[in-house]
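Fold and geometry: a report
One letter stands for each residue in the lines below.
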Amino acid sequence: MTKQILWEPTNIEKTQLYQFMRAQGFSTYNDIYKWSVSHPDQFWEKIWQENQILHSMGYTQVVDDITQMPGAKWFKGSRLNFAENLLRYRDNQNAIIFKKENTTLQYYTRRELYNAVAKVASQLRQWGIKPGDRVAAIVANIPETVIAMLATVAVGGVWSSCSPDFGVEGIVSRFDQITPKILVSINGYYYKGNYVDVSEKALAVMDQVSSIENVIVIPYGESQTDCFHENVQLMTSLLSAADVPELVFEQLPFDHPIYILYSSGTTGVPKCIVHGAGGTLLQHLKELKLHCDLRCSDRLFYFTTCGWMMWNWMVTGLAVGSAIVLFDGNPFYPSVNALWDLVDEAEINVFGTSAKYLSASEKMGAVPTRTHALGSLRAILSTGSPLTDESFDYVYRDVKANVMLSSISGGTDIVSCFVLGNPVLPVVKGEIQCRGLGMNVQSVNTQGDSVIGEKGELVCRSAFPSMPIYFWNDDTNQQKYKDAYFNNNDNQWRHGDYITVTPNGGVMIWGRSDTTLNPGGVRIGTAEIYRVVEQFSEIMDSVVVGKQIESDEKVILFVKMKNGSILTPEIKKNIRNKIKQECTSRHVPSIINAVADIPYTMSGKKVEIAVKKIINGQDFVENKDALQNPEALQYFKLT
């Protein structure tokens, strides 16, 4: 099959990746990639040096044993502070640009950000927060959240946040495990023009998480703040103080924890995944500067909540010196063009979103090429699920022709990417551009062999700095951690994605390996079917799963129809014919049903496993608060 190139870079010699390649003596990405995974100690040391990591003590060894997974130790002896590296620029250039629904932009300079962090950090120290103490947050994607996170990490605390649209049970199931001393909470947020009060939810969390000793409330909107108990400080009071206390950054080991992120929790209690300072910083800087070509003068945006790892990833843009653009609200309010308006208004250079957003933008009729300039925009990043061929076409036809469209994939597990974009390589329709530097990613078949041009499981065969340092409350043998990624004790990270590494070095993701369909003993990735279904203008969304019928598995497709459309026998016939034509006869669904909605996790991922359990008569999803729309689960009953 001929590869269709949709975009080719120009002036690649000006990109940071090209300059980094040349400095190491390489002329192609393939060559530097091979070097980065065969000499990881040299590669990651170069990343440290090139980014001039601020530190108080240097390292004695880059890595002790690259084959030890988990357990490899990176940059032994070094001491640093993650927040200090993000706050290294302290002048009057913009650090944060913020917009909430239907309002004008607000600007925060680097100096204003630094001073605000100093004030909140001082309060945390007065409350006795020490290195390793946890600060939990129920927060929206607003500047005060960034301030509170940086203040927490500056004093050595560990930050963990949930989006305010989580239910109480979902928040408590996360925070109660990590026993935070401090709760940071907004009192409400805006969505589709409406104000949603969060104060009662925050009070319920405070009541059920007994370790909370003090609270910082971020007044944000219309609800009262005087309902909180006496051990409370208003963020507005802290930030309005005239004096700016000295900001002392705790100098801590390379792997000192800074973030606790969570698995979706749809099939049980969420796993608490702990990430270290140095590994997170190096990995993000590598991805932002080399793979996204992000620069000090740029503006970086990601449409994300504070319960998704892309928020953590975006905030590290401050370490590059770029301004980060925050948005709180519905991406299609007050119109389908809300985020495209923001690109022009805030002059965004790197725009991050989800595959779901791009698909919905197309189906809702947004054509930015006709309505927007998008002159500043040079890169669009997409993650959350595989980007379909139709979305590739949509971007280059209806959004902007001269833009690097980077489909990226990694996860909460590594707070970064395994595969992502590349400013010196072309964009090929349907493909992720490359494997990330320093990430020894292979497609492995059922015999355990690395394969090119064939489908297999995504495996990372060497340690990397942003691996979780541990799971919270895991036993001393880290058994939960090992079970999650290292089955069979073969010292290979098994990520759970079903992929193909193409001969040109690109990557195609076919879906999760734990939801791979298996009709007639043939493995089929769910993304293969989604790529076809997305082509039907009558269909807004879909989910496909396997149902065990006697000794075989049947493919079952559920579709959410576009407003006004009905799933007719003719449409079903057309879907089946199209799938058979573009895939194989084994991909053709045995049953196609219409449903009112498709369930998603809070981070925007389709809940295939829960749907599969329901239609196979297994246990219902255990933690509905982990879903954006738990009511959608009721529709998955086969008749």
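Description of the structure in this document. (Residues numbered from 1 in each chain as written. Predicted model: local features only at pLDDT ≥ 70, side-chain atom pairs only at ≥ 80, totals over all residues. Heavy atoms only, no water.)

This part takes up the overall build of the protein. The secondary structure content of the protein amounts to 20 helices and 33 strands. Computed over its C-alpha atoms, the radius of gyration of the protein comes to 24 Å, within 12% of the 26 Å expected for a compact globule of 639 residues. Its C-alpha atoms put the protein at 70 × 60 × 55 Å along the principal axes. A buried classification covers 61% of the 639 residues belonging to the protein. (Helix = DSSP H or I, 4+ residues; strand = E, 2+ residues; numbered from the N terminus. Rg over C-alpha atoms; globule rule 2.2 N^0.38 Å. Buried < 20%, exposed > 50% of the residue type's maximum accessible area, 1.4 Å probe, protein only.)

Moving on to the packing of aromatic side chains. In this structure the tally under the stated criterion is 35 aromatic pairs. For the ring pair Tyr302 and Trp308, a centre distance of 6.1 Å and an interplane angle of 85 degrees mean the geometry is edge-to-face. Overall, the relative accessible area of 0% leaves Tyr302 in the buried class. The class for Trp308 is buried, based on a relative accessible area of 7%. What links up through ring pairs into an aromatic cluster is the set Phe418, Phe464, Phe471, Tyr481, Tyr485, Phe486 and Trp493. (Phe/Tyr/Trp six-rings, centres within 6.5 Å; stacked < 30°, edge-to-face > 60°.)

For the rest of this paragraph, the subject is the nonpolar core. Core analysis: the biggest nonpolar cluster contains 184 residues, and Leu150, Trp159, Phe175, Val184, Phe351, Phe418 and Trp493 have the highest contact counts within it. Sequence-distant contacts of Trp159, defined by excluding residues within four places in its chain, comprise Val135, Ala137, Val139, Thr145, Ala148, Met149, Thr152, Val184, Ile258, Tyr259, Ile260 and Trp311. Formed by 34 residues, the second largest nonpolar core is a distinct cluster that contains Val545, Phe558, Val611 and Leu627. (Core = buried A, V, L, I, M, F, W, Y, C linked by side-chain atoms within 4.5 Å. Contact = heavy atoms within 4.5 Å.)

Put simply, helix α3 (residues 40–50) and helix α10 (residues 277–291) touch, their axes get as near as 10 Å, and they point 80 degrees apart. Classified by the interaxial angle, the pair formed by α3 and α10 is roughly perpendicular. Where α3 approaches α10, its residues Phe43, Trp44, Ile47 and Trp48 are matched on the opposing element by Leu282, Gln283, Lys286 and Leu290. When grouped by side-chain class, the residues that make up the contact of α3 with α10 number six nonpolar, one polar and one charged. (Axes fitted to C-alpha atoms, helices over the stretch in contact; angles between N-to-C directions. Parallel < 35°, antiparallel > 145°, perpendicular 65-115°, else oblique. Nonpolar A, V, L, I, M, F, W, Y, C, P; charged D, E, K, R; others polar.)

Let us now look at the sheet that holds strand β31 (residues 539–549). Spatial ordering of the open sheet is given by β31-β32-β33, a layout of three strands whose pairing is mixed. The sheet is open, and its two borders are formed by β31 and β33 (591–594), each paired with just one other strand. Pairs of neighbouring strands in the sheet enclose a mean axial angle of 25 degrees, with direction left out of account. Bridge count for β31 against strand β32 (residues 552–561) is 10 bridges, and the pairing is antiparallel. (Pairing = 2+ DSSP bridges.)

Let us look at the sheet that holds strand β25 (residues 434–435). Here three strands make up an open sheet; going across it, the order is β22-β23-β25 and the pairing antiparallel. Here the strands that pair on one side only, and so sit at the sheet edges, are β22 (409–411) and β25. Examined bridge by bridge, strand β23 (residues 416–420) and β25 share two bridges and lie antiparallel to one another. Opposite Val419, over in β25, you have Arg435 as the bridge partner.

Quick look at the side chain of Ser406 now. Along the chain, Ser406 falls in strand β21 (residues 404–407). Classification of Ser406 by relative accessible area gives buried; the value is 1%. Residue contacts for Ser406: discarding those within four places in its chain leaves Ile380, Leu381, Ser382, Gly421, Asn422 and Gln433.

Secondary-structure assignment places Ala401 in the loop between α16 (389–399) and β21. Sequence-wise, Ala401 and Thr369 are 32 residues apart; in three dimensions their C-alpha atoms are separated by 8.7 Å. Beyond its immediate chain neighbours, meaning those up to four positions away, Ala401 contacts Trp7 and Tyr396.

Now for the packing of helix α7 (residues 168–178) against helix α8 (residues 199–208). Packing of α7 against α8 leaves a shortest axis separation of 10 Å and a crossing angle of 40 degrees. Seen from above, α7 lies across α8 with right-handed handedness. Contact residues: α7 offers Val168, Ile171, Val172, Phe175 and Asp176, while α8 offers Lys201, Ala204, Val205 and Gln208. Its residues assigned to classes, the contact of α7 with α8 shows six nonpolar, one polar and two charged. (Left-handed = near helix turned anticlockwise from the far one by under 90°.)

Another point: the environment of Ala121. Tracing the sequence through the fold places Ala121 in helix α5 (residues 110–126). Relative accessible area serves as the criterion here: at 1%, Ala121 is assigned to the buried category. Along the sequence, Ala121 and Gln233 sit 112 residues apart, while their C-alpha atoms lie 13 Å from each other. Apart from the residues within four sequence positions on either side, Ala121 is in contact with Ala151, Val155 and Leu247.

Moving on, we get to the pattern of salt bridges. Inspection of the entire model under this criterion finds 21 salt bridges. Of the charged contacts in the structure, one is a salt bridge between Arg397 and Glu362, with a shortest N-O distance of 3.2 Å. Note that Arg397 is positioned in helix α16 and Glu362 in helix α14 (residues 355–363), a separation of 35 residues in sequence. With relative accessibility at 46%, the residue Arg397 sits in the partly exposed group. A single network of salt bridges, built from pairs that share partners, joins Lys130, Asp133 and Lys181. (Salt bridge = Lys/Arg side-chain N within 4 Å of Asp/Glu carboxyl O.)

Keep in mind these numbers describe shape, not what the thing actually does.
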